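# Close look at the chain arrangement
Each chain, written out:
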Amino acid sequence: MAASCDKNILNRLKRTEGQIRGIQKMIEEEKECVDVITQLSAVRASIDRVMGIIVAENLKNCLENPTEDATVQQEKIQQAIRMIIKK
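The rules behind these values
In every chain, residue numbers begin from 1 and rise along the written sequence. Side-chain atom pairs in this predicted model are given and counted only at pLDDT of 80 or more, local residue features only at pLDDT of at least 70, and totals for whole chains, interfaces and linings cover all residues. By convention in this description, side-chain values take in all heavy atoms of the structure and omit both hydrogens and water. Each axis is a line fitted through C-alpha atoms, taken for helices only over the stretch in contact, and angles between the N-to-C directions span 0 to 180 degrees. Going along the chain from the N terminus, every DSSP run of H or I of four or more residues is numbered as a helix, and every run of E of two or more is numbered as a strand. Relative orientations are named as follows: roughly parallel for angles under 35 degrees, roughly antiparallel for angles over 145 degrees, roughly perpendicular for angles from 65 to 115 degrees, and oblique for any other angle. Whether a crossing is left-handed or right-handed is set by the direction in which the near helix is turned from the far one by less than a right angle, anticlockwise for left-handed and clockwise for right-handed. Here, two residues are considered to be in contact whenever any of their heavy atoms come within 4.5 Å of each other. With a 1.4 Å probe rolled over the protein chains alone, any residue whose accessible area is under 20% of its type maximum counts as buried; one over 50% counts as exposed, and the rest are partly exposed.

- The name that an unreviewed UniProt entry assigns to the chain is Metal-sensitive transcriptional regulator, with the source organism given as Enterococcus dispar ATCC 51266.

Structure (structure tokens):
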């Protein structure tokens, strides 16, 4: 993965970490359930986005820099597809 992508992913994860701390505080302060669920949905979307970025970058790298062994290359592509479908 490229360094700029790593930094982007780390920044997204740090924001998500902050959101989770905010949710913990909301629960401690007994905020409305609907508000907590809204924030939890935002965290889930953020994590889904990070997963998508990682899979996309790995797939892109696999296609741009194929291995000489076609079987290994095909397995890498299939692995990326399984990760996408698993979501």
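### Re the packing of helix 2 (residues 33–64) against helix 3 (residues 70–86)
- At a minimum axis separation of 10 Å, helix 2 and helix 3 run at an interaxial angle of 160°. The orientation of helix 2 relative to helix 3 falls into the category roughly antiparallel. Handedness of the crossing formed by helix 2 with helix 3: left-handed. Contact residues: Val55, Leu59, Cys62 and Leu63 in helix 2; Gln73, Lys76, Ile77, Ala80, Met83 and Ile84 in helix 3.

### Points about the environment of glycine 52
- Within the secondary structure, glycine 52 sits in helix 2.
- What makes glycine 52 partly exposed here is its relative accessible area of 35%.
- Sequence-wise, glycine 52 and glutamine 39 are 13 residues apart; in three dimensions their C-alpha atoms are separated by 20 Å.

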